[in-house]
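Fold and contact review
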Amino acid sequence: MAFRFKKQIFGFMDLIRFTKLVDKRRAKLENAPATPLPVTYRVNETAKILHPAPLTVKLVGIVKDSPDTKTYTFELPQKAFFRAGQYAVLRAKIGDSLVSRPYAISSSPYTALNDGKVSLTIKKSGYFSSYMFDKAKEGDEFTLSLPFGNFFYESVKDCPHIVGIAGGSGITPFYSMIKGIEEGSEDFKLTLFYGAKTANDLVFKDELDKVSNDKIKIVYVLSDEKSDGYENGFISADIIKKYVDGDFTAMLCGPNAMYNFVDAELAKMGVSGKFVKHEANCTASRDVKPKTYKLTVHIQDEVYTVEADAADTILTSMERAGLSVPARCRAGGCGFCHSKLVSGKFSIAGADKRRLADSKFGYIHPCCSYPDSDMELIVPRG
Ligand code: FES
């Protein structure tokens, strides 16, 4: 009873306070100083650095790292923050197509935060990367969204010793990590196994040879060449055991064939799956008989009808047609391209990574799905 009585009293007091609310507010406004409000607040500025909207960036430097790989440096209109190992999505209009692709950032976190610059290392392969390699020039403008991905050291989950396994151009995120360790923005021990066919295929070899930091050890592994100072063969359990002692988290970046091989070697060593991280690879075209389907795409109130090549992902076909559609990882991992299937048949590249609810209610990831019939989709605006 006492409790109910108290509640009623407070409720009544609230009513009295409420009657004075407008007067009190007016008095406060009248007595407030005429100082203008700040144009921007510190918290918003920090949020802009941590979560920048897609930025218009200018290409300010191109360096050839190997016969088929170049590093592109972009000037950002603002400072930005990322973790070494993350990727950025580069987007451009090429002819009538709006194309985008994720690339691992090869520059250091400090460069983005202090100088407002970010570098992407791009290997010539596929439509957009070949365009970048052959046609992009200093002064060109692009759209860059950054940063994304979980391929970075997480002190609460990972062992303080990271064993990096890089294949070919998969060296890029590790190159950023090495710079991060040297600068002090990253704090872990890194033993990096860098595999390539021959010594000539090793990107950043000169820069990597100059690294002298007691937290970093680099082992080159050549599959098609025997030479002093290099391991020969593939990155096997035997080679890893030769240089690594104790617990570690393995981080792999390279082709899928390398993942299959190294995963089996790590399992032989008793490394549990929770201590193995893979960087996702973009879904490539598939090898099927040439065929074109009709793709009907709803984006907000607009309806587009475009052609979809059976060999290409649905996302690629939409971009080729110039549609602005969302894309980040292009590997079925981030869910950013998540679209509603209205009708049609499709195949998924590799494993189906959709949530149970997505497959139940008919949502697909166009970035890793190929058309097997005419299709109709509802797609978010990019
Ligand atoms: S772009 Fe990441 S799931 Fe499609």
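Since we're looking at a predicted model, the values are computed, not measured. (Residues numbered from 1 in each chain as written. Predicted model: local features only at pLDDT ≥ 70, side-chain atom pairs only at ≥ 80, totals over all residues. Heavy atoms only, no water.)

What follows deals with the sheet that holds strand E19 (residues 375-378). One open sheet holds the five strands; their spatial order is E14-E13-E19-E15-E17, and the pairing between them is mixed. With partners counted over all chains shown, the strands left at the sheet margins are strand E14 (302-309) and strand E17 (363-364), one partner each. Pairing of strand E13 (residues 292-299) with E14, which is carried by eight bridges, proceeds in the antiparallel orientation. The partner of Thr292 across the bridge, within E14, is Asp309. (Pairing = 2+ DSSP bridges. Helix = DSSP H or I, 4+ residues; strand = E, 2+ residues; numbered from the N terminus.)

Attention shifts here to the pattern of salt bridges. Counted by the stated rule, this structure contains 17 salt bridges. Lys48 is paired through a salt bridge with Glu45; the nearest N and O atoms lie 3.8 Å apart. Taken together, the positions of Lys48 and Glu45, both in helix H3 (residues 42-50) and three residues apart, correspond to about one turn of that helix. Of the residues examined, Lys48 reaches a relative accessible area of 41% and is grouped as partly exposed. Notably, a salt bridge pairs Lys123 with Asp68, separated by 3.7 Å at the nearest N-O pair. Of this pair, Lys123 sits in strand E5 (residues 117-123) while Asp68 sits in the loop between strand E1 (55-66) and strand E2 (69-75); the two residues are 55 residues apart in sequence, bridging distant segments of the chain. Given the relative accessible area of 37%, Lys123 is considered partly exposed. (Salt bridge = Lys/Arg side-chain N within 4 Å of Asp/Glu carboxyl O. Buried < 20%, exposed > 50% of the residue type's maximum accessible area, 1.4 Å probe, protein only.)

Judged by pairing direction, the sheet is antiparallel, and its six strands sit side by side in the order E4-E3-E6-E1-E2-E5 without closing on themselves. Each having just a single partner strand, strand E4 (97-104) and E5 make up the two edges of the open sheet. Pairwise comparison of adjacent strand axes, ignoring direction, gives a mean angle of 35° for this sheet. Pairing of E2 with E5, which is carried by seven bridges, proceeds in the antiparallel orientation. Bridged to Lys70 within E5 is Ile122. (Axes fitted to C-alpha atoms, helices over the stretch in contact; angles between N-to-C directions.)

Further remarks concern the packing of aromatic side chains. One pair of aromatic rings is described through two measures. These are the centre distance and the angle between the planes. All told, the structure shown has eleven aromatic pairs when counted by the stated rule. With a centroid separation of 6.4 Å and 50° between ring planes, the pair formed by Tyr103 and Phe128 is classed as tilted. Here the residue Tyr103 occupies a position in strand E4, and Phe128 occupies one in helix H5 (residues 127-135), the gap between them amounting to 25 residues. Since its relative accessible area comes to 5%, Tyr103 is described here as buried. Taking relative accessible area as the criterion, Phe128 reaches 4% and is therefore assigned buried. (Phe/Tyr/Trp six-rings, centres within 6.5 Å; stacked < 30°, edge-to-face > 60°.)

So, on to the domain arrangement of the chain. Taken domain by domain, the chain comprises domain 1 (47-148), domain 2 (161-278) and domain 3 (292-378). Between the C-alpha centres of domain 1 and domain 3 there is a distance of 25 Å. Between domain 1 and domain 3, the residue contacts involve twelve residues of the former and eleven residues of the latter. Between domain 1 and domain 3, roughly 890 Å² of surface is buried when both sides are summed, and carbon and sulfur atoms account for 47% of that area. At the boundary of domain 1 with domain 3, the tally comes to zero salt bridges. The set of elements that each furnish at least two residues to the side of domain 1 that touches domain 3 consists of strand E3 (87-94) and E4. By residue class, the composition of the side of domain 1 that touches domain 3 is seven nonpolar, two polar and three charged. (Domains from an automatic or database assignment. Contact = heavy atoms within 4.5 Å. Buried area = accessible area lost by both parts, 1.4 Å probe. Nonpolar A, V, L, I, M, F, W, Y, C, P; charged D, E, K, R; others polar.)

Let us look at a nonpolar patch on the surface. Together, Phe12, Met13, Leu15 and Ile16 make up an exposed nonpolar region whose accessible area comes to about 380 Å². Mapping Phe12 onto the fold places it in helix H1 (residues 2-19). (Patch = residues over 30% accessible without salt bridge, like charges linked within 9 Å, V, L, I, M, F, W, Y side chains within 5 Å. Areas by Shrake-Rupley, 256 points an atom, 1.4 Å probe, with all protein chains shown as cover.)

What follows deals with the environment of Cys334. Turning to its location among the elements, Cys334 is positioned in the loop between helix H10 (314-320) and strand E15 (339-343). Residue class for Cys334 comes out partly exposed when judged on its relative accessible area of 37%. Separated by 205 residues in the primary sequence, Cys334 and Ser129 have C-alpha atoms spaced 21 Å apart. With sequence-adjacent residues up to four places away left out, Cys334 is seen in contact with Arg328 and Cys329.

Bringing the side chain of Glu186 into the picture now. Looking at where Glu186 falls in the secondary structure, it is placed in the loop between helix H6 (172-183) and strand E8 (189-196). Here Glu186 falls in the buried class, since its relative accessible area comes to 3%. If near-sequence neighbours (up to four positions away) are discounted, Glu186 is found in contact with Arg83, Ala84, Tyr153, Met177, Gly180 and Ile181.

The residue Val211 is located in the loop between helix H7 (205-209) and strand E9 (216-222) in this model. For Val211 and Ile178, which are 33 residues apart along the polypeptide, the C-alpha to C-alpha distance reads 8.3 Å. Aside from chain neighbours lying at most four places away, what touches Val211 is Ile178, Glu182, Ile216 and Ile218.

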